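Understanding the architecture of this molecule
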Amino acid sequence: MMEMVGTTATLRERVERALDVCRPFLHKDGGEVEIVALRPDGVLELRFHGTCTRCGMSRMTLRAGIERAVLRAAPEIRRVEAVG
C-alpha cells in the first residue's frame, strides 16, 4: 500500500494516482478519463472524454493499460468498467 505523509492513502487517492500514470498517454491523443464511482462491490466505473469516446482502441486501453495500473495500485478493486 502506498503511503502519504503521515497517513495511509485512501482507495480513491490510490486509484487517482494510477490514473495519473495513464493520463499522459491519453492526453497525447486528446483523451481523458475520470472516476464516476467506486462501488461497494469492488467495481470502479470510469468515463472517457475527448477522443477516447470515439476511439476503437479505448476498450483495449481500458483493459491493458488502465485496469492493470489500477489493480496494481488498489488490489481491492475487482474490475474496471467504462460507463457512458
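Rules of the game
Residues numbered from 1 in each chain as written. Predicted model: local features only at pLDDT ≥ 70, side-chain atom pairs only at ≥ 80, totals over all residues. Heavy atoms only, no water. Pairing = 2+ DSSP bridges. Helix = DSSP H or I, 4+ residues; strand = E, 2+ residues; numbered from the N terminus. Right-handed = clockwise from strand over helix to strand, strands pointing away. Contact = heavy atoms within 4.5 Å. Buried < 20%, exposed > 50% of the residue type's maximum accessible area, 1.4 Å probe, protein only. Axes fitted to C-alpha atoms, helices over the stretch in contact; angles between N-to-C directions. Expected span 1.5 Å × (residues − 1). Bend = angle between axes of the 7 residues up to and from the residue. Parallel < 35°, antiparallel > 145°, perpendicular 65-115°, else oblique. Left-handed = near helix turned anticlockwise from the far one by under 90°. Nonpolar A, V, L, I, M, F, W, Y, C, P; charged D, E, K, R; others polar.

**Comments concerning the pairing of strand E5 (residues 79-82)**
- Two strands pair when backbone bridges link them, and strand E4 (residues 43-50) and E5 are joined in this way by 4 bridges, in the parallel orientation. Within the sheet, the bridge partner assigned to Leu44 lies in E5 and is Val80.
- Between E4 and its parallel partner E5, the chain crosses via helix H2 (residues 58-73), and the hand of that crossover is right-handed.

**Here's the deal with the environment of Glu76**
- The topology assignment puts Glu76 in the loop between H2 and E5.
- For the pair Glu76 and Thr51, spaced 25 residues apart in sequence, the C-alpha to C-alpha distance is 30 Å.
- With residues up to four places along the chain from it excluded, the contact list for Glu76 reads Leu11, Arg14 and Gly42.

**Describing the side chain of Ser58**
- With respect to the secondary-structure elements, Ser58 resides in helix H2.
- On the accessibility criterion, Ser58 (16% relative accessible area) is buried.
- Leaving out residues up to four positions away in the same chain, Ser58 has contacts with Phe48 and Cys52.

**Examining the sheet that holds E4**
- Taken in spatial order, the 3 strands line up as E3-E4-E5 in an open sheet, and their pairing is mixed. The open sheet has two free edges, formed respectively by strand E3 (31-38) and E5, since each of these has just one partner strand. Sheet twist, expressed as the mean angle between neighbouring strand axes with direction ignored, is 30°.
- Against the sheet, helix H1 (residues 11-28) contacts E3 and E4, and its axis sits at roughly 160° relative to E3.

**As for H2**
- Its 16 residues place the ends of H2 21 Å apart at the C-alpha level, agreeing with the 22 Å of an ideal helix rising 1.5 Å per residue.
- The largest bend along H2 reaches roughly 35° and is located at Glu67.
- Restricting attention to buried positions, one finds in H2 the residues Ser58, Leu62, Ile66, Glu67, Ala69, Val70 and Ala73.
- Close packing links the buried residues of H2 with H1, E3, E4 and E5.

**Re the packing of H1 against H2**
- Between H1 and H2, whose axes approach to 8 Å, the crossing angle comes to 150°. Taken together, H1 and H2 sit at an angle that is classed as roughly antiparallel. Considering only the axes of H1 and H2, their crossing is right-handed. Each of Arg14, Val15, Ala18, Leu19, Cys22 and Leu26 in H1 lies in contact with H2, whose residues at this interface are Thr61, Gly65, Ile66, Ala69, Val70 and Ala73.
- Here the residues of the contact of H1 with H2 sort into 9 nonpolar, 2 polar and 1 charged.

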